[in-house]
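Inside the fold
So the chains spell out like this:
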Amino acid sequence: MNIPFLDLRKVDEPYINDLRHALDGVVSSGRYLLGDATRTFETDMERYHDMPAGSTVAVSNGLDAIRLILKSFIELGRISPGDEVIVPANTYIASLLPVTEFGLKPILIEPDPSTLNLDWHKAEQAITPRTKAVMVVHLYGSPCWNGNVARRMRDNGIYIIEDNAQAIGARALEAGLNGNDITGTLGHAAAFSFYPTKNIGALGDAGMVMSSDPNVINAIRTIANYGSDRRYHNIYQGLNCRIDELQAAALSVKLRHLDAITLTRRHRASLYNELIHSPLITKPLVMPDKCQVWHQYVVRCPERDNFREYLKSNGIATDIHYAVPPHLQPCYASLLHSPLPITEMLANEMTSLPIAATNDEEIAYIASVINAWRP
Ligand SMILES: *Cc1c(COP(=O)(O)O)cnc(C)c1O
């Protein structure tokens, strides 16, 4: 067998006619930005997440969604350059870049090695009088939430921002600050990404901000359109972070299939869980049924590089999320030099197995190859 890590043609194949039809509608409308398709996608996302009308802004990509959240908090006077923001050390660099871009001070917190997500107790211990926000990342599609700690933080004036790029449709074990348990609604504001490889991907770049706070939403809608609240009147030094109508139209099509996509990913993850039994491999933590959306299926093994070579020689492509953690990237060499041993160990042990378009037969093959590994 020859199993690619991810084949987007296979991922999008079931929707191709609906996508063509939706794109065609935009092309013949002559309206390419800030039109009906964008408004419809925003409404579709609000309904899916059981959020009030006017609680989303569809934007250019996931990184910009995080940038807009932080910039709006700065413009609204809630946080200021120099304030501390708690960020998980085990994350994609996009969770961190906007923090340093706006002169905020990142405080990197080690993950819980069983969940691979932020360790909330360590995060709470790291709070100082300058801590103004926590970036909660639901990495690999697993909800990262501790209601008690989050509420204590909120009561101390700390904003909870979710980076929900990898976990659309996931549910936390307990309710968020507003009583809803779906990720993206748990804290004060959330960023979504529709990068093509995400659980629902655009045909290019797209993202979204979600917040039940109308002040945040209004500020972000304005900042994302040059800071202009009406034509040629700029109340912020804004950005251009608009979403294309084409992407919004494609995403409304995909969102209709999100629950089916999630169920399929859960099925694949449970097959892996059932079939992999090599003592050399640590499987991911499995939470109750409705929680995880399995953006990645990440296994651990101390001899990771040999393991990946072995899989490759058996026709199985894998990936690493992420091989070099943000604090060890060259761009942060002078800024973030403290050692983070758990994050660094995970970066050396983690392997992501194919999950986005893999069928049962392929998963059974991958599991049997893994179980036969004798390093
Ligand atoms: C993909 C991703 C982002 C960034 O999203 P883009 O749409 O690629 O800009 C941010 N955070 C995490 C955790 C991601 O996986």
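Heads up: these notes are all about the structure in this document. (Residues numbered from 1 in each chain as written. Predicted model: local features only at pLDDT ≥ 70, side-chain atom pairs only at ≥ 80, totals over all residues. Heavy atoms only, no water.)

Re empty space enclosed by the protein
Formally: The rule is simple: put a 1 Å grid over the protein atoms alone, call a set of points where a 1.4 Å probe fits but cannot get out a cavity, call an open set with protein on both sides within 12 Å along at least five of seven lines a pocket, and count a residue as lining if it has an atom within 4 Å of a point. Grid points are joined across faces, edges and corners, and a volume is the space filled by probe spheres set on the points.
Counted by the stated rule, this structure contains three cavities of 30 Å³ or more. A volume near 60 Å³ is recorded for the largest cavity. Ile3, Pro4, Phe5, Leu6, Asp7, Lys10, Pro354, Ala357, Thr358 and Glu362 together form the lining of the largest cavity.

Regarding the site of the ligand
To be explicit about the condition: Here, proximity means that at least one heavy atom of the residue falls within 4 Å of the molecule or strand. Between N or O atoms, a polar contact is any pair within 3.5 Å; within protein, one atom must be a potential hydrogen donor and the other a potential acceptor, and residues adjacent in sequence are included only when both atoms are from side chains. Molecules are considered to sit inside a cavity or pocket once more than half of their atoms lie within 2 Å of its grid points. Residues are grouped as follows: nonpolar covers Ala, Val, Leu, Ile, Met, Phe, Trp, Tyr, Cys and Pro; charged covers Asp, Glu, Lys and Arg; every other residue, Gly included, is treated as polar.
Of all residues adjacent to the ligand, which total 13 residues, the nearest are Gly62, Asp163, Gln166, Ser193 and Lys198. At 2.8 Å from an oxygen atom of the ligand is found a main-chain nitrogen or oxygen belonging to Leu63. The side chain of Ser193 places a nitrogen or oxygen atom 2.6 Å from an oxygen atom of the ligand. Because more than half of its atoms lie within 2 Å of the grid, the ligand is assigned to the largest pocket. Residues that form the shell around the ligand fall into these classes: seven nonpolar, four polar and two charged.

Describing the sheet that holds strand β6 (residues 189-193)
Our working rule: At least two bridges found by DSSP between two strands are what make those strands a pair. Secondary structure is summarised from DSSP: a helix means a run of H or I of at least four residues, a strand means a run of E of at least two, and numbering begins at the N terminus for each. Fitted lines through C-alpha atoms give the axes, limited to the stretch in contact for helices. The angle between two N-to-C directions lies from 0 to 180 degrees. Contacts: residue pairs with any heavy atoms within 4.5 Å of one another.
Pairing is mixed across the open sheet formed by seven strands, whose spatial order is β1-β7-β6-β5-β4-β2-β3. Looking at the sheet topology across the chains shown, the edges are occupied by β1 (56-59) and β3 (105-109). Averaged over neighbouring strand pairs, the angle between their axes works out to 20 degrees when direction is ignored. The strands touched by helix α8 (residues 214-223) are β1 and β7 (207-210); relative to β1, the strand with the most contacts, the crossing angle is about 25 degrees.

Considering the layout of surface pockets
Volume-wise, the largest pocket comes out at about 550 Å³. At three residues, the largest contribution of residues to the lining of the largest pocket is made by helix α4 (residues 62-75).

Re the state of the cysteines
So the rule is basically this: Only a pair of cysteine sulfur atoms within 2.5 Å qualifies as a disulfide here.
Within the structure shown, the criterion is met by zero disulfides. With no disulfide partner, Cys291 has as its closest neighbouring cysteine sulfur the one in Cys144, 12 Å distant. Here Cys331 is not cross-linked by a disulfide; its sulfur's nearest cysteine counterpart is in Cys241, at 20 Å.

What to know about α4
Along an α-helix, residues three or four positions apart point the same way, because every turn accommodates 3.6 residues. Applicable threshold: What a helix is expected to span follows from its residue count: subtract one and scale by 1.5 Å. Classification of residues uses two cut-offs on accessible area relative to the type maximum, computed with a 1.4 Å probe and protein chains only: under 20% is buried, over 50% is exposed, and between them is partly exposed.
The end-to-end C-alpha distance of α4, which contains 14 residues, comes to 20 Å, matching closely the 20 Å that a straight helix rising 1.5 Å per residue would cover. Of all the 14 residues making up α4, eleven are buried; the element is thus mostly covered by neighbouring parts of the structure. Along α4, the positions that sit buried rather than exposed are Gly62, Asp64, Ala65, Ile66, Arg67, Leu68, Ile69, Leu70, Lys71, Ser72 and Phe73. The backbone nitrogen of Leu63 lies 3.1 Å from a side-chain oxygen of the residue at the head of α4, namely Asn61. Immediately downstream of α4, the backbone of Gly77 shows phi near 75 degrees, a positive value.

Notes on the nonpolar core
General note: in soluble globular proteins, nonpolar side chains tend to be found buried as a group. Note the cut-off: Nine residue types can take part in a nonpolar core, namely buried Ala, Val, Leu, Ile, Met, Phe, Trp, Tyr and Cys, and a core is a set of them joined through side-chain atoms within 4.5 Å.
Judged by nonpolar contacts, the single largest core of 46 residues is most densely connected at Leu68, Ile69, Leu70, Phe73 and Met135. Broken down by secondary-structure element, the contributors of at least two residues to this core are β1, α4, β2 (84-88), β4 (131-137), β5 (159-163), β6, α8 and α12 (341-349). When residues of this core are assigned to their parent elements, the largest contribution, six residues, is made by α4. Excluding residues that lie within four positions of it along the chain, Ile69 makes contacts with Ile161, Ala189, Ala190, Ala191, Val209 and Ile220. Grouped together as the second largest cluster of nonpolar side chains are 27 residues, Tyr15, Leu19, Phe192 and Ala250 included.

As for helix α2 (residues 16-29)
For clarity, the threshold we go by: Taking the helix axis as origin, the arc is that swept by the directions to the C-beta atoms.
Compared with the 20 Å implied by 1.5 Å per residue over 14 residues, the 20 Å span of α2 between its first and last C-alpha is a close match. Leu19, Ala22 and Val26 are the residues of α2 that are buried. An end-on view of α2 places all buried positions within 70 degrees of arc, on one side of the element. Residues Asn17, Arg20, His21, Asp24 and Ser28 are exposed on α2 and point more than 90 degrees away from its buried face. Contacts made by the buried residues of α2 are with α3 (36-48) and α9 (245-255). At the C-terminal side of α2, Gly30 shows a positive phi close to 70 degrees.

Details of the pattern of salt bridges
For clarity, the cut-off: Put simply, a salt bridge is a Lys or Arg side-chain nitrogen that is within 4 Å of an Asp or Glu carboxyl oxygen.
Considering all chains together, one arrives at 17 salt bridges under this definition. The partner of Lys10 in a salt bridge is Glu362, and the shortest N-O contact between them spans 3.9 Å. Taken together, the positions of Lys10 in helix α1 (residues 8-12) and Glu362 in helix α13 (residues 360-371) put the pair 352 residues apart, joining distant regions of the chain. As a salt-bridge pair, Asp12 and Lys254 come within 2.7 Å of each other at their nearest N and O atoms. One end of the pair, Asp12, is in helix α1; the other, Lys254, is in helix α9, and 242 residues separate them in sequence.

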